[in-house]
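Letter by letter, the chains look like this.
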Amino acid sequence: MTAYPGARRPRIGQEVALYTILGFWLFYIVITTLRAVIMDFPAQGEMAPRRLVVTAVGIVLTYVLYLFLRLFDHRPFGQRVIAAFVGAVPVAIAIALLNYYVFNIYDPIWLMQDPDAVHEMQKPGHLVQDIADLAISRYFFLAAWATLYLALSYAAETREAERRAAAFARAAQEAEIRALRYQVNPHFLFNTLNSLSSLVMTGRPEEAERMIMNLSTFFRTSLSGDPLEDVTLADEVKLQQLYLDIEAVRFPDRLRTVISIPDALLDICVPGLILQPLVENAIKYGVSPARRPVTITIAASADDGVVTIGIADDGNGPPVGDTGGGIGLANVRDRLAARFGSAAGLATQSPPSGGFCAVLTIPEVRDGC
């Protein structure tokens, strides 16, 4: 079985761990040196190299503690806390023993220059007391470093969880966008096949053939695009013009089309097929039941970073109590929300003069399509 690539990756990398360890021990050597100077300890020149030896070994032992804590990186946080404070105990004792040896056992005369004081200092009771005192002070020093390590580890864990949540949210949004986009094609196909069936049943084979060719071109164009990618408004309108050409075969004397889009807006980005359900509604409720010519208008304008795109017809409008939406308007609203959130919307209205109008408002985006 192949392991998940990031399953055992340490939460705190070696580079960061080394920086924290070096920073803590640099702080230690500075503080102890200042304390020795303030207390006017003798033999400062001799104490400095010994202090460096303790610091160097302390860095190595703290790094060993880091390697130990890494073993608990993927355990519950409570276990990591226990491991940190328990693991610091033997390291503190080891550093205390080294510290006592370097300053109190190894050639102490150079430091104390008082044989009686050295003899008193090396008595068993005094030795245990000194080592215990050193171990406790070093333990709190290591506990401080371990606390920093745990804080950094927890912060890394939180960032990782946030990244995973964001990735899951993106995946869910992309799945929703795909589902909504693919919902458009069957809906359109159903309506178009109905139209094609009508042509065949009424004995209009040439018109049916022309519709089949246009239908093939429409689907080849619409299905070749990535559902997650936007298209330019020019491409979207071109696709709707192709659809209207298909419907013009069915309604040659009733369907009129007006497209009013400034050249400056042709390169803005819109979700692919976002206008399709609105144009379909205009055909279904405006053109199909009419007994006179009906004009479908596609218009766009922009103001202060917001683009407005309207699909209107001057037919009789949807039946009383019916918004003319069905699956179509709900699909458009859901896709706009998935793509732009609250920055986009869809409004519909039935003008007093008749007909129906659907108006999209979206942010003016020009990159990425």
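Thresholds applied
- Residues numbered from 1 in each chain as written.
- Predicted model: local features only at pLDDT ≥ 70, side-chain atom pairs only at ≥ 80, totals over all residues.
- Heavy atoms only, no water.
- Phe/Tyr/Trp six-rings, centres within 6.5 Å; stacked < 30°, edge-to-face > 60°.
- Helix = DSSP H or I, 4+ residues; strand = E, 2+ residues; numbered from the N terminus.
- Buried < 20%, exposed > 50% of the residue type's maximum accessible area, 1.4 Å probe, protein only.
- Patch = residues over 30% accessible without salt bridge, like charges linked within 9 Å, V, L, I, M, F, W, Y side chains within 5 Å.
- Areas by Shrake-Rupley, 256 points an atom, 1.4 Å probe, with all protein chains shown as cover.
- Salt bridge = Lys/Arg side-chain N within 4 Å of Asp/Glu carboxyl O.
- Pairing = 2+ DSSP bridges.
- Axes fitted to C-alpha atoms, helices over the stretch in contact; angles between N-to-C directions.
- Core = buried A, V, L, I, M, F, W, Y, C linked by side-chain atoms within 4.5 Å.
- Contact = heavy atoms within 4.5 Å.
- pLDDT = per-residue confidence, 0-100.
- Expected span 1.5 Å × (residues − 1).
- 1 Å grid on protein atoms, 1.4 Å probe; cavity = no way out; pocket = protein on both sides within 12 Å on 5 of 7 lines; lining within 4 Å.
- Points joined across faces, edges and corners; volume = space filled by probe spheres on them.
- Nonpolar A, V, L, I, M, F, W, Y, C, P; charged D, E, K, R; others polar.
- Parallel < 35°, antiparallel > 145°, perpendicular 65-115°, else oblique.
- Left-handed = near helix turned anticlockwise from the far one by under 90°.

**Points about the packing of aromatic side chains**
Part 1 of the argument: As enumerated under the stated definition, the model contains 10 aromatic pairs in all.
Part 2 of the argument: Judged by centre distance (5.5 Å) and plane angle (40 degrees), the rings of tyrosine 63 and tyrosine 66 are tilted. With tyrosine 63 and tyrosine 66 both in helix H2 (residues 44–70), this residue pair falls 3 residues apart, about one helical turn.
Part 3 of the argument: A residue is classified by how much of its surface remains accessible, and tyrosine 66, at 0% relative accessible area, is buried.
Part 4 of the argument: With a centroid separation of 6.0 Å and 75 degrees between ring planes, the pair formed by tyrosine 139 and phenylalanine 140 is classed as edge-to-face.
Part 5 of the argument: Assessed through its relative accessible area of 57%, phenylalanine 140 is described here as exposed.
Part 6 of the argument: Three or more aromatic residues link up through ring pairs in this structure, and these residues are Phe24, Trp25, Tyr28 and Phe141.

**Focus on a nonpolar patch on the surface**
Part 1 of the argument: Together, Leu26, Phe27, Val30, Ile31, Leu34 and Ile38 give the surface a local cluster of nonpolar side chains, amounting to about 610 Å² of exposed area.
Part 2 of the argument: Its place among the elements puts leucine 26 in helix H1 (residues 14–38).

**Remarks on the sheet that holds strand E2 (residues 255–260)**
Part 1 of the argument: Taken in spatial order, the 5 strands of this open sheet run E2-E4-E5-E7-E6, and their pairing is mixed. Looking along the sheet, the strands with just one partner apiece sit at the ends: E2 and strand E6 (345–349). When strand polarity is set aside, the average angle formed by the axes of neighbouring strands in this sheet is 15 degrees.
Part 2 of the argument: Here 8 bridges tie strand E4 (residues 294–303) to strand E5 (residues 306–313), and the two strands are oriented antiparallel to one another.

**What about the nonpolar core?**
Part 1 of the argument: One finds Leu233, Leu278, Ile309, Leu336 and Leu360 to be the most contacted residues of the largest nonpolar core, which totals 46 residues.
Part 2 of the argument: Of all the secondary-structure elements, those providing two or more residues to this core are helix H6 (124–201), helix H7 (205–223), helix H8 (233–250), helix H9 (276–287), E4, E5, helix H10 (326–340) and strand E7 (356–363).
Part 3 of the argument: Among the elements that take part in this core, H8 stands out by supplying 8 residues, more than any other.
Part 4 of the argument: What leucine 360 contacts, discounting residues up to four positions off in sequence, is Ile274, Leu275, Leu278, Val307, Thr308, Ile309, Val332, Leu336, Gly345 and Leu346.

**Here we look at the pattern of salt bridges**
Part 1 of the argument: For the structure shown, the criterion picks out 6 salt bridges.
Part 2 of the argument: Residue aspartate 267 pairs with arginine 366 through a salt bridge whose shortest N-O separation is 2.3 Å. Of this pair, aspartate 267 sits in the loop between E2 and strand E3 (269–271) while arginine 366 sits in the segment after E7; the two residues are 99 residues apart in sequence, bridging distant segments of the chain.
Part 3 of the argument: Arginine 366 gets classed as partly exposed once you look at its relative accessible area, which sits at 33%.
Part 4 of the argument: Linked by salt bridges that have partners in common, Asp267, Glu364 and Arg366 make up one network.

**Looking at the confidence of the model for the protein**
Part 1 of the argument: The predicted model of the protein averages 82 in pLDDT, with 81% of residues at 70 or higher.
Part 2 of the argument: Here residues 1–7 scores under 50 on pLDDT; set against residues more than four positions off or in separate chains, the count is 1 contact.

**Description of the pairing of E7**
A regular strand carries its side chains on alternate faces of the sheet.
Part 1 of the argument: For E7, a buried count of 6 out of 8 residues is recorded, marking the element as mostly surrounded by other parts of the structure.
Part 2 of the argument: Alignment of E5 against E7, held across 8 bridges, turns out to be antiparallel. Paired with glycine 310 across the bridge in E7 is valine 359.
Part 3 of the argument: Bridge count for E6 against E7 is 5 bridges, and the pairing is antiparallel. What sits directly across from alanine 347, in E7, is valine 359.
Part 4 of the argument: Linking two consecutive strands that pair antiparallel, namely E6 and E7, is a turn of 6 residues; a positive phi of about 110 degrees is found at glycine 354 within it.

**Considerations on the side chain of asparagine 99**
Part 1 of the argument: Within the secondary structure, asparagine 99 is located in helix H3 (residues 77–105).
Part 2 of the argument: A relative accessible area of 6% means that asparagine 99 is categorised as buried.
Part 3 of the argument: Beyond its immediate stretch of four places on either side in the chain, asparagine 99 contacts Tyr28, Val54, Asn104, Leu134 and Arg138.

**Considering H9**
Part 1 of the argument: If you check H9, its first and last C-alpha atoms are 15 Å apart, about what 12 residues at 1.5 Å a residue would give, namely 16 Å.
Part 2 of the argument: Of all 12 residues making up H9, 11 are buried, and the element is well covered by its neighbours.
Part 3 of the argument: The complete set of buried residues in H9 reads Gln276, Pro277, Leu278, Val279, Glu280, Asn281, Ala282, Ile283, Tyr285, Gly286 and Val287.

**Some remarks on empty space enclosed by the protein**
Part 1 of the argument: The final tally for this structure, using the stated rule, is 2 cavities of 30 Å³ or more.
Part 2 of the argument: Put simply, the largest cavity is a space of about 50 Å³.
Part 3 of the argument: Forming the walls of the largest cavity are Leu278, Asn281, Ala282, Ile311, Ala312, Asp313, Leu329, Phe356 and Ala358.
Part 4 of the argument: When residues of the lining of the largest cavity are traced back to their parent elements, those giving at least two are H9, E5 and E7.
Part 5 of the argument: The class makeup of the residues in the lining of the largest cavity is 7 nonpolar, 1 polar and 1 charged.

**Some details on the packing of H8 against H9**
Part 1 of the argument: Orientation of H8 relative to H9, taken along the N-to-C sense of each, is 25 degrees, at an axis distance of 10 Å. Overall, the two elements H8 and H9 adopt an arrangement that is roughly parallel. Our pair here, H8 against H9, has a crossing hand that is right-handed. In contact with Glu236, Gln240, Tyr243, Leu244 and Glu247 of H8, H9 contributes Gln276, Val279, Glu280 and Ile283.
Part 2 of the argument: Residues belonging to the contact of H8 with H9 are distributed by class as follows: 4 nonpolar, 2 polar and 3 charged.

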